[in-house]
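# Structure assessment
Listed below, chain by chain, are the residues.
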Amino acid sequence: SQQGEEDPQALSIQEGENATMNCSYKTSINNLQWYRQNSGRGLVHLILIRSNEREKHSGRLRVTLDTSKKSSSLLITASRAADTASYFCATGSTGGFKTIFGAGTRLFVKA
Amino acid sequence: NAGVTQTPKFRVLKTGQSMTLLCAQDMNHEYMYWYRQDPGMGLRLIHYSVGEGTTAKGEVPDGYNVSRLKKQNFLLGLESAAPSQTSVYFCASRTPGTGTWNQPQHFGDGTRLSIL
């Protein structure tokens, strides 16, 4: 079973617009991570937010975490065609070896 | 520094055949993982290893075996391939982390396996 569930499943926007993806999870976590997967490639780590953090930035990425609602959001500002990919949230637990991945959001940015 | 390398990239098997997928990492990571990715289902953990000589079952281990004889290599074996094992297989590795905090995983580019 999946721990994280992304919403929406698919998103299509114009270049220059912002893209927001949401992730909900079920159990207590140590951290939440976001990954990107380009077509035919492996996942690439984007950003990690710890359970005691509420917001984190990296370049055009902004991640928020609300542990009371068990949810996170990934915002990509000023999107580019090169941002077209699938985005996955993943959660880790304290002392755990595993990272649990959601089913992903497919983002399509039109030039 | 190649990161995580998976071999082969593509393979077609017949039902009942066996094969081994190889994963090699050059980052001196302790933890290694095998996942399968199917449409609409994200990544599902097959087996993982927290160190040389150790392995453990993940979410979907049936029909697969693994070995971690060397720290840098993690092998995934299909004993008797079935059409249900048609999938894209990803290997990943990471360090244990600092204190209680997890670290992100580094992925290979996958092995696309079709079983007829």
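Here's a quick rundown of the structure. None of the values given here were measured: they were computed from a predicted structure.

The rules we used
- Residues numbered from 1 in each chain as written.
- Chains lettered and ligands numbered in written order.
- Predicted model: local features only at pLDDT ≥ 70, side-chain atom pairs only at ≥ 80, totals over all residues.
- Heavy atoms only, no water.
- Pairing = 2+ DSSP bridges.
- Helix = DSSP H or I, 4+ residues; strand = E, 2+ residues; numbered from the N terminus.
- Axes fitted to C-alpha atoms, helices over the stretch in contact; angles between N-to-C directions.
- Core = buried A, V, L, I, M, F, W, Y, C linked by side-chain atoms within 4.5 Å.
- Buried < 20%, exposed > 50% of the residue type's maximum accessible area, 1.4 Å probe, protein only.
- Contact = heavy atoms within 4.5 Å.
- Disulfide = S-S within 2.5 Å.
- Buried area = accessible area lost by both parts, 1.4 Å probe.
- Salt bridge = Lys/Arg side-chain N within 4 Å of Asp/Glu carboxyl O.
- Polar contact = N/O pair within 3.5 Å; in protein donor to acceptor, adjacent residues only side chain to side chain.
- Nonpolar A, V, L, I, M, F, W, Y, C, P; charged D, E, K, R; others polar.

### Considerations on the sheet that holds strand S7 (residues 64-67) of chain B
Residues and elements named next belong to chain B. Pairing within the open sheet is antiparallel, and its four strands lie in the order S1-S3-S8-S7. Strands at the two margins of the open sheet, each flanked by one partner only, are strand S1 (4-7) and S7. Between one strand and the next, the sheet's axes are offset by a mean angle of 20 degrees, whatever the strand orientation. Pairing of S7 with strand S8 (residues 73-78), which is carried by four bridges, proceeds in the antiparallel orientation. Bridge pairing in S8 places valine 66 opposite leucine 76.

### Focus on the nonpolar core
The biggest cluster of nonpolar side chains holds 21 residues, and the ones touching the most others in it are Met21(A), Leu32(A), Trp34(A), Leu74(A), Ile76(A), Tyr87(A) and Leu107(A). Contributions of two or more residues to this core are made by strand S3 (19-24), strand S4 (31-37), strand S5 (43-50), strand S7 (61-66), strand S8 (71-76), strand S9 (85-92) and strand S11 (105-110) of chain A. Other than its neighbours up to four places away in sequence, Ile76(A) contacts Glu17(A), Asn18(A), Ala19(A), Met21(A), Arg60(A), Leu61(A), Asp83(A), Tyr87(A) and Leu107(A). Of all hydrophobic cores here, the second largest spans 18 residues; its members include Cys23(B), Trp34(B), Tyr64(B) and Tyr89(B).

### Brief notes about the state of the cysteines
Scanning the entire structure with this criterion turns up two disulfides over all chains. Shown here is the disulfide that connects Cys23(A) with Cys89(A), its sulfur atoms set 2.0 Å apart. Between Cys23(A) and Cys89(A), the S-S dihedral sits near 65 degrees, and the bridge is therefore right-handed. On the criterion of sequence distance, the pair formed by Cys23(A) in strand S3 and Cys89(A) in strand S9 is long-range, its members being 66 residues apart. In this structure, Cys23(A) and Cys89(A) share a single accessibility class: buried. Each sulfur of the disulfide joining Cys23(B) and Cys91(B) lies 1.9 Å from the other. Taking the sign of the S-S torsion, -75 degrees for the link of Cys23(B) and Cys91(B), the bridge is left-handed. Within this pair, whereas Cys23(B) is found in strand S3 (residues 19-25), its partner Cys91(B) is found in strand S9 (residues 87-94), the two being separated by 68 residues in sequence. Residues Cys23(B) and Cys91(B) agree in their burial class; the two are buried.

### Considerations on the interface of chain B and chain A
Opposite the 25 residues of chain B that make contact, chain A presents 28 residues. Taking both sides of the interface into account, the surface hidden between chain B and chain A amounts to around 2,100 Å²; carbon and sulfur atoms contribute 50%. Connecting chain B to chain A are one salt bridge. In this assembly, chain B and chain A are joined by eight residue pairs in polar contact (both at pLDDT 80 or more). Those elements that place two or more of their residues in the side of chain B that touches chain A are strand S4 (31-37), strand S5 (43-49) and S9 of chain B. Of the residues belonging to the side of chain B that touches chain A, the class tally is twelve nonpolar, eight polar and five charged.

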